[in-house]
Amino acid sequence: ELAFRFREEKYRVNLALPKARIRFLDTLPQLPLRLYFYAQPGYMVTKILVQQLEDIVSPMSQQEAANFILRFVQNAFEYEIDGEQFGEENYLYPEETLYYPASDCEDRAILFTTLIREVLGLDVAALDYPGHVAAALDVPLSGEGSRVTFEDRTLVVADPTYISARLGMIMPDFADQEPRVLPLWKSPTGDHEG
């Protein structure tokens, strides 16, 4: 059970993650970070978790639903860097982030971008700052907020590690930095996905 608060209300989602899948994912070698954003998660994420989140966000606006998913990823897990939890850098697949007691910025960004695509069907990008990973999504945002421009799109920054931050907010340490943008609507080879 993963619990978190959104707008003063407590929410819970329930998952039974197959330990055999976690053990299998643990046997895979570490890959370049960008490839984790393209990994297809298993049934417990794509069906069970996505269905629970869809049921909750269905009456919400697109922006509010994206903020809800952001809050889930920010607050349903403890934060811990990989060196403390695993003794070395260890990028996690979405199921592993849901399974292990803690996660760090890239793990949360991978899970967040997966859920945004699966639940809301939005185009999303990974943002690779020096020493930090966040996300950006193609959703309208009224008012102030951090944005990045990629090609001819203006994307709203979403930081799954910046606890309780809304869309358009990035940690102050990274606000003046230009991230490398990885558009996830393109395949890892750079072609548009269809």
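As a starting point, this report considers the structure included with it. These numbers were taken from a predicted model, which means no experiment stands behind them.

So, about the overall build of the protein. Tallying secondary structure elements over the protein gives seven helices and nine strands in all. Against the 2.2 N^0.38 benchmark of 16 Å for 194 residues, the protein shows a C-alpha radius of gyration of 16 Å, consistent with a compact globule. Counting the 194 residues in the protein, one finds 52% classified as buried. About 9500 Å² of surface is accessible on the protein, with carbon and sulfur atoms providing 47% of the total. Averaging the locations of the 17 positively and 31 negatively charged side chains of the protein gives two centres separated by 5 Å.

Okay, the pattern of salt bridges next. Evaluated as defined, the whole model comprises seven salt bridges. Residue aspartate 138 is joined to arginine 153 by a salt bridge in which the shortest nitrogen-to-oxygen separation is 3.0 Å. Highlighted residues: aspartate 138 in the loop between strand E6 (132-137) and strand E7 (147-150) and arginine 153 in strand E8 (residues 153-158), separated in sequence by 15 residues. Each of Asp123, Asp138 and Arg153 takes part in salt bridges that share partners, so that together they form one network.

An ideal rise of 1.5 Å per residue puts 20 Å on 14 residues; helix H4 (residues 62-75) measures up with 20 Å between its terminal C-alpha atoms. The element H4 is largely enclosed, with a buried count of 10 among its 14 residues. Buried within H4 are the following residues: Ala65, Ala66, Asn67, Phe68, Ile69, Leu70, Arg71, Phe72, Val73 and Gln74.

Right, let's talk about the pairing of E6 for a bit. A large share of E6 lies buried, amounting to six of its six residues. Going residue by residue along E6, you find His132, Ala134 and Ala136 tucked away on one face and Val133, Ala135 and Leu137 tucked away on the opposite face as well. Both strand E5 (residues 124-129) and E6 contribute to a ladder of six bridges, which runs antiparallel. If you follow tyrosine 129 over to E6, its bridge partner there is histidine 132. Taking the residues between adjacent antiparallel strands as the criterion, E5 and E6 are bridged by two residues, where glycine 131 takes a positive phi near 85°. Two elements, E6 and E8, share three bridges in a ladder whose sense is antiparallel. Looking across to E8, one finds that alanine 135 is bridged to alanine 158.

Mapped onto the elements of the fold, tyrosine 11 is located in strand E2 (residues 9-13). For tyrosine 11, a relative accessible area of 15% puts it in the buried group. Along the sequence, tyrosine 11 and alanine 125 sit 114 residues apart, while their C-alpha atoms lie 27 Å from each other. Residues in contact with tyrosine 11, not counting those within four places in the same chain, are Leu2, Ala3, Phe4, Phe6, Ile56 and Phe68.

Glancing now at the nonpolar core. Membership of the largest hydrophobic core comes to 51 residues, with the highest contact counts inside it found for Phe37, Phe72, Leu98, Phe112, Leu115, Leu137 and Leu167. Among the elements that take part in this core, helix H7 (residues 105-120) stands out by supplying eight residues, more than any other. Each residue touching leucine 98, except ones within four places of it in the same chain, is listed here: Leu2, Leu15, Leu17, Val45, Leu49, Phe72, Phe77 and Leu111. Leu127, Ala136, Phe150 and Phe174 belong to the second largest nonpolar core, which has 14 residues in total.

We now examine the sheet that holds E8. Strand pairs in the sheet, formed through backbone hydrogen bonds, run parallel or antiparallel to each other. Here we have five strands laid out as an open sheet, ordered E7-E8-E6-E5-E9, and antiparallel in their pairing. Bordering the open sheet on either side are E7 and strand E9 (180-183), each of which pairs with just one other strand. Strand-to-strand twist across the sheet, computed as the mean angle between neighbouring axes with direction ignored, equals 35°.

What counts and how
Residues numbered from 1 in each chain as written. Predicted model: local features only at pLDDT ≥ 70, side-chain atom pairs only at ≥ 80, totals over all residues. Heavy atoms only, no water. Helix = DSSP H or I, 4+ residues; strand = E, 2+ residues; numbered from the N terminus. Rg over C-alpha atoms; globule rule 2.2 N^0.38 Å. Buried < 20%, exposed > 50% of the residue type's maximum accessible area, 1.4 Å probe, protein only. Areas by Shrake-Rupley, 256 points an atom, 1.4 Å probe, with all protein chains shown as cover. Lys, Arg positive; Asp, Glu negative; His and termini not counted. Charge placed at Lys NZ, Arg CZ, Asp CG, Glu CD. Salt bridge = Lys/Arg side-chain N within 4 Å of Asp/Glu carboxyl O. Expected span 1.5 Å × (residues − 1). Pairing = 2+ DSSP bridges. Contact = heavy atoms within 4.5 Å. Core = buried A, V, L, I, M, F, W, Y, C linked by side-chain atoms within 4.5 Å. Axes fitted to C-alpha atoms, helices over the stretch in contact; angles between N-to-C directions.

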